Amino acid sequence: MIKRFDSVETSKLVEGNGYFYYPNKYTMFQSKYRGVIKGPKGTVKYFPVKSAGSFSHVLINHLDETDLQIDPMLADYIFDVDTGRKIKIPK
Amino acid sequence: MKTLYILLYFGVCSINAQVNDSPETLKEFNVQASKNEIPKKALIESILKMFGSINAFEYSSERNNPSDIVYEKVLWKELASDFYFELLLINRKENSVIQRSVSFIDNQTCTLFPSNSELHIQKGKTTLSSIELFPSPLIAFSFTGVKGCFPTLNNIKKSVSNQTFNDRIFYQREELWEGKQYSVFRILSVYDYELREELTYEIFIHEKTSPYPSIWKAYDS
C-alpha cells in the first residue's frame, strides 16, 4: 500500500435536486519521495507521510461563468507570457 | 568518536523506523468465488446520480493548523470543465492576503499577482506544479479517472459513464474493518496524479446508500 485515505467525518450537502458527500475532516497516509535505500532489515522503498486536512464552505450549483473570472482592473499591468509584452492598464 | 557513535546509533534507528513503517501489500482473495457477486451497476449508478445533478462546485481547503499564526487557505471554484482557484496566505495578526489567483478559462491561464499588481496571461492550461498540495473533496473519487489529470467534475462524469470504468472494477467483496462492515471494490488501472502512474485501488464503502468511499487504499503494482 502506498496511500491510504480516511474520512474522519463526512457531510452530506443537499442543494435542490443535487447532493454531494464530502470529507470535512480526513487523514492521508502517503509514500512521498519515492526511492530505494538499503537498511539492515532489507530494502526500504517507501517513506510514509501522514497529513490531515479539512474542507469548508463547500457549495454546489451556486456558480456561474462570471464567478470564474479575474477582474483585470485589480492589476496595473498585463503581462503576455507568450509574447513577452507588458501593457499598462489605463485607469 | 563518541559523536560518531551517536550519529550511527540515530542513523540505524531512523532506518529501522522506516522498515517498520513499510507499506502493506495487496492481499489476494478468491476472485473466482466473488466474481459472480459484483454489484458494479449499483455503484456506477449511484456515482452518476450524484454527479449528474452537480454542475458547479466551490470549496475552501485549510492547510496546517488554523490556530497557527500563519496557515494557508485555498479557495477552488469549478464550473463544468473550467476551473479557477485562489491561493490565500492568511496571517492572523494582520489581514488575509491573496498571494495569487489563477483561472483557466477558454484555454487561457490568467494569474494575478497582487504583490506587484501584474496580471499574467498565457495560452493553454498550464500545469500547476503544486496542484497536488491542494486536495479537493473530489479526491475521494480519484479512482474513477484514468486520464492522467486531477479529478474534476467533468472527468468524473465522463469516466464513470465510460464502459472502461465498468471493466476496471475487478471484483467486490465484503470485509469487516474496525468493527464495521464494508463493501470493498478493487479497481484496476487508476491513474494517480501525484505518483504519475497507474495503481490498483481498493475503496471501502460503508453505507450502501452512499457512493462515498470511507476509506481507500492505493497499491503499487
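The rules behind the values
Residues numbered from 1 in each chain as written. Chains lettered and ligands numbered in written order. Predicted model: local features only at pLDDT ≥ 70, side-chain atom pairs only at ≥ 80, totals over all residues. Heavy atoms only, no water. pLDDT = per-residue confidence, 0-100. Helix = DSSP H or I, 4+ residues; strand = E, 2+ residues; numbered from the N terminus. Contact = heavy atoms within 4.5 Å. Core = buried A, V, L, I, M, F, W, Y, C linked by side-chain atoms within 4.5 Å. Buried < 20%, exposed > 50% of the residue type's maximum accessible area, 1.4 Å probe, protein only. Polar contact = N/O pair within 3.5 Å; in protein donor to acceptor, adjacent residues only side chain to side chain. Buried area = accessible area lost by both parts, 1.4 Å probe. Salt bridge = Lys/Arg side-chain N within 4 Å of Asp/Glu carboxyl O. Nonpolar A, V, L, I, M, F, W, Y, C, P; charged D, E, K, R; others polar. Pairing = 2+ DSSP bridges. Phe/Tyr/Trp six-rings, centres within 6.5 Å; stacked < 30°, edge-to-face > 60°.

## Description of the confidence of the model for chain B
All names here are of chain B.
- Here chain B averages 76 in pLDDT, while 72% of its residues score no lower than 70.
- When mean pLDDT is compared element by element in chain B, strand 10 (residues 215-219) scores highest at 92, while helix 1 (residues 2-20) scores lowest at 45.
- Note on residues 6-20: pLDDT is under 50 here. Beyond four places in sequence and across chains, it has 10 contacts.
- Predicted as a complex, the structure gets a pTM of 0.76 and an ipTM equal to 0.75.

## Thoughts on the nonpolar core
- Ranked by internal contacts, the top residues of the largest apolar core, which has 48 residues, are Phe20(A), Phe51(B), Phe141(B) and Phe143(B).
- Among the elements that make up this core, the one with the highest residue count is strand 2 (residues 18-32) of chain A (six residues).
- Excluding residues that lie within four positions of it along the chain, Phe143(B) makes contacts with Ile47(B), Phe165(B), Arg168(B), Ile187(B), Val190(B), Tyr201(B), Ile203(B) and Pro213(B).
- Listed in part, the 13 residues of the second largest apolar core include Ile89(A), Ala56(B), Cys110(B) and Leu119(B).

## Considering the side chain of Ser142(B)
Residues and elements named next belong to chain B.
- When you line up the elements, Ser142 lands in the loop between strand 6 (118-123) and helix 4 (153-161).
- Polar side-chain contacts of Ser142 include one of 2.9 Å to the backbone oxygen of Ile139.
- In contact with Ser142, not counting residues within four places along its chain, are Pro151, Val190, Tyr201 and Trp216.

## Section: the interface of chain A and chain B
- Between chain A and chain B, the contact holds 55 residues from the first and 68 residues from the second.
- For the pair chain A and chain B, the two sides together bury roughly 5400 Å², of which 62% comes from carbon and sulfur.
- The largest per-residue losses of area from chain A upon contact with chain B belong to Met1(A), Leu68(A) and Ile70(A), which jointly make up 14% of the total buried on that side.
- Here chain A and chain B share two salt bridges between them.
- Contributions of two or more residues to the side of chain A that touches chain B are made by strand 1 (3-15), strand 2, strand 3 (37-39), strand 5 (47-60) and strand 6 (77-80) of chain A.
- Partitioning the side of chain A that touches chain B into residue classes produces 30 nonpolar, 13 polar and 12 charged.

## Overview of the environment of Ala42(B)
- Looking at the element boundaries, Ala42(B) is found in helix 3 (residues 40-52).
- In sequence terms Ala42(B) and Ser136(B) are 94 residues apart; their C-alpha atoms lie 25 Å from each other.

## Regarding the side chain of Ser183(B)
Residues and elements named next belong to chain B.
- Mapped onto the elements, Ser183 comes out in strand 8 (residues 180-192).
- Within the structure, the side chain of Ser183 is placed 3.0 Å from the side chain of Glu174, a separation counted as a polar contact.
- Ser183 has contacts with Gln172, Arg173, Glu174, Ile203, Phe204, Ile205 and Lys208, leaving out every residue within four places of it along the chain.

## A closer look at the pairing of strand 1 (residues 56-62) of chain B
- Summarising burial for strand 1 of chain B: seven of the seven residues are buried, a large majority.
- Relative to strand 1 of chain B, strand 5 of chain A runs antiparallel, the two being bridged by five bridges. Residue pairing for strand 1 of chain B: Ile60(A) is matched across the bridge by Phe57(B).

## Quick word on the packing of aromatic side chains
Residue and element names in this part refer to chain B.
- Applying the stated rule across the entire model yields 20 aromatic pairs over all chains.
- Each ring, one from Phe170 and one from Tyr171, has its centre 5.5 Å from the other, and the planes form 65 degrees; the classification is edge-to-face.
- Residue class for Tyr171 comes out buried when judged on its relative accessible area of 1%.

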